[in-house]
Amino acid sequence: MDSLYLGSHLPLNAPEYYLGTVKLALEWGENTFMFYTGAPQNTRRAPTSTLRIGEGRALLKENGIDETKIVVHAPYIINLGNKNNVDTYELAKSFLSQELKRVHDFGCKLLVLHPGSSVGAPEEFGLESIIEGLNEVLDNDSSDVTICLETMAGKGSELGRTFQQLATIINGVHKNERLGVCLDTCHINDYGYDVHDVDGVLDEFDKVIGLSRLKVIHVNDSKNPRASHKDRHDNLGYGTIGFDTLNAWVHNPRLNGIPKVLETPYVDNGGKEKVPPYKKEIEMLRDENFVESWREEL
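These numbers were taken from a predicted model, which means no experiment stands behind them. All residue numbers here refer to positions counted from 1 along the written sequence of the relevant chain. With the structure being a predicted model, the display of local features is reserved for residues of pLDDT at least 70 and the display and counting of side-chain atom pairs for 80 or more, all residues being used for whole-chain, interface and lining totals. The side-chain numbers reported here are obtained from all heavy atoms of the structure, hydrogens and water having been left aside.

Caption draft 1: Layout of helix α4 (residues 123-139). Here a strand is any run of E in DSSP of at least two residues, a helix any run of H or I of at least four, and the numbering for each starts at the N terminus. Here the expected length of a helix is defined as 1.5 Å per residue gap, with one fewer gap than residues. When the terminal C-alpha atoms of α4 are compared, their 24 Å separation across 17 residues agrees well with the 24 Å that a helix rising 1.5 Å per residue should span. Partly exposed residues are those whose accessible area sits between 20% and 50% of the maximum for their type, while under 20% is buried and over 50% is exposed, using a 1.4 Å probe and protein chains only. Listed in full, the buried residues belonging to α4 are Phe125, Gly126, Leu127, Ser129, Ile130, Ile131, Gly133, Leu134, Asn135, Val137 and Leu138.

Here you go:
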């Protein structure tokens, strides 16, 4: 069986909803993908019973795609990082609890979560807030979904920017068998890790967290240099990381079987609408061959 799981961040749109998401993944040559169960910036959610999940799951099965490799991204508005912001904190816990149930309804097992921002409070307080929130959520959740804490670029007061911060969160959670990590290549570069030293980064990750916790890779080039703390994604081969390094991440044997998801930007080719790059980017990664000026030819 193919141990290279490659896909992209896909929409969940009416009228076909999940069935349409799966169809698009197949059209673009993907055997994994990531999606939101609703808009990432608000709490409005359609009932999962209306989202054509059964048809989408059937199409996955028909095409031999392992739905345990499909990834859901939690909405950005969840912030567990500052329990002094009472309304925001309570919303984050209740919304995360709801999202875990929705992920379970889709038959998916992986939920990527930005750990949170301390919003100016000390780092230790923020980490404590995240741990308390995750403990409350997981102590009251009966699903089998793994929450994958994402590595962050270090903008402002956001937490999860170092492997040690993630380890502190994981070690503080009672049911930490329910926690994993999503490593974003752009984010670790923009924080300050040497993304070009793939095995060196993986060695450090293994020492601090443990490679068994690494559940998802976000494959993104970066518009900014190392340690910029900016978090601006670029298309493969057009940023400061470069195709060769990203290809090395995708094909590293230590990462076999881990879903690798592109979140690169749509391309402006002069038309009315920007063009999705994922079919071409996935093709180049599978072939391990960078095509010069591919973006200009879309």
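Caption draft 2: Quick look at the pattern of salt bridges. Any carboxyl oxygen of Asp or Glu within 4 Å of a side-chain nitrogen of Lys or Arg constitutes a salt bridge here. In total, this model carries 16 salt bridges according to the counting rule given. Between Asp203 and Arg254 there is a salt bridge; the shortest N-O distance is 2.9 Å. Here Asp203, found in helix α7 (residues 198-208), pairs with Arg254, found in the loop between α8 (243-251) and β12 (260-262); they are 51 residues apart in sequence, far enough to count as distant. The exposure class assigned to Asp203 is partly exposed, which follows from its relative accessible area of 43%. Salt-bridge contacts for Asp234 lead to Lys223; the nearest nitrogen and oxygen are separated by 3.6 Å.

Caption draft 3: The arrangement of the sheet that holds strand β1 (residues 6-8) in detail. In this scheme, strands are said to pair when DSSP sees at least two bridges between them. Reading across the sheet, the eight strands line up as β1-β12-β9-β8-β6-β4-β3-β2 and stay open at both edges, with parallel pairing between neighbours. With partners counted over all chains shown, the strands left at the sheet margins are β1 and β2 (34-35), one partner each. Note that strand β4 (residues 110-113) and strand β6 (residues 146-150) share four bridges and pair parallel. Residue pairing in the sheet places Val112 in a bridge with Cys148 of β6.

Caption draft 4: View of the side chain of Arg178. Looking at the secondary structure, you find Arg178 in the loop between α5 (163-172) and β8 (179-184). For Arg178, a relative accessible area of 9% gives the class buried. Reaching out from Arg178, the side chain makes a polar contact with the backbone oxygen of Val145 at a distance of 2.8 Å. Among all residues touching Arg178, those that are not within four sequence positions of it are Leu100, Leu138, Asp141, Ser143, Asp144, Val145, Thr146 and Ile147. Nitrogen and oxygen atoms within 3.5 Å of one another constitute a polar contact, given that in protein one can donate a hydrogen and the other can accept it, and given that sequence-neighbouring residues count only through two side-chain atoms. Residue contacts are defined here by distance: any two heavy atoms, one from each residue, within 4.5 Å place the two residues in contact.

Caption draft 5: Layout of the packing of α5 against α7. Interaxial angle, 0 to 180 degrees, is taken between N-to-C directions of lines fitted to C-alpha atoms, where a helix line uses only the stretch in contact. Orientation of α5 relative to α7, taken along the N-to-C sense of each, is 25°, at an axis distance of 9 Å. Classified by the angle between their axes, α5 and α7 sit roughly parallel to one another. Regarding α5 and α7, the two cross each other, and that crossing is right-handed. Between α5, through Phe163, Gln164 and Ala167, and α7, the contact on the second element is made entirely by Val201, Glu204, Phe205 and Val208. Here the residues of the contact of α5 with α7 sort into five nonpolar, one polar and one charged. Oblique is the label for any angle not under 35 degrees, not over 145, and not in the 65 to 115 range, which are roughly parallel, roughly antiparallel and roughly perpendicular in turn. By definition, turning the near helix anticlockwise from the far helix through less than a right angle yields a left-handed crossing, and turning it clockwise yields a right-handed one. Residues are sorted three ways: Asp, Glu, Lys and Arg are charged, Ala, Val, Leu, Ile, Met, Phe, Trp, Tyr, Cys and Pro are nonpolar, and all the rest, Gly among them, are polar.

Caption draft 6: Structural detail: the environment of Val22. Within the secondary structure, Val22 is located in helix α1 (residues 17-27). Expressed as a C-alpha distance, the spacing of Val22 and Asn82, which sit 60 residues apart in the sequence, is 36 Å. For Val22, the contacting residues outside a window of four places in its chain are Phe33, Gly56, Leu59 and Leu60.

Caption draft 7: Broad picture of the packing of α7 against α8. The contact between α7 and α8 brings their axes to 10 Å, and the two run at 45°. In terms of their interaxial angle, α7 and α8 are classed as oblique. Contacts between α7 and α8 pair Val198, Val201 and Leu202 from the former with Thr245, Ala248 and Trp249 from the latter. For the contact of α7 with α8, a count of residues per class yields five nonpolar, one polar and no charged.

Caption draft 8: Structural context of the nonpolar core. Ranked by internal contacts, the top residues of the largest apolar core, which has 76 residues, are Tyr18 and Leu134. For our purposes a nonpolar core is just a set of buried Ala, Val, Leu, Ile, Met, Phe, Trp, Tyr and Cys residues, chained together by side-chain atoms within 4.5 Å. Core analysis: the second largest hydrophobic core is formed by eight residues, Val112, Cys182, Val216 and Val261 among them.

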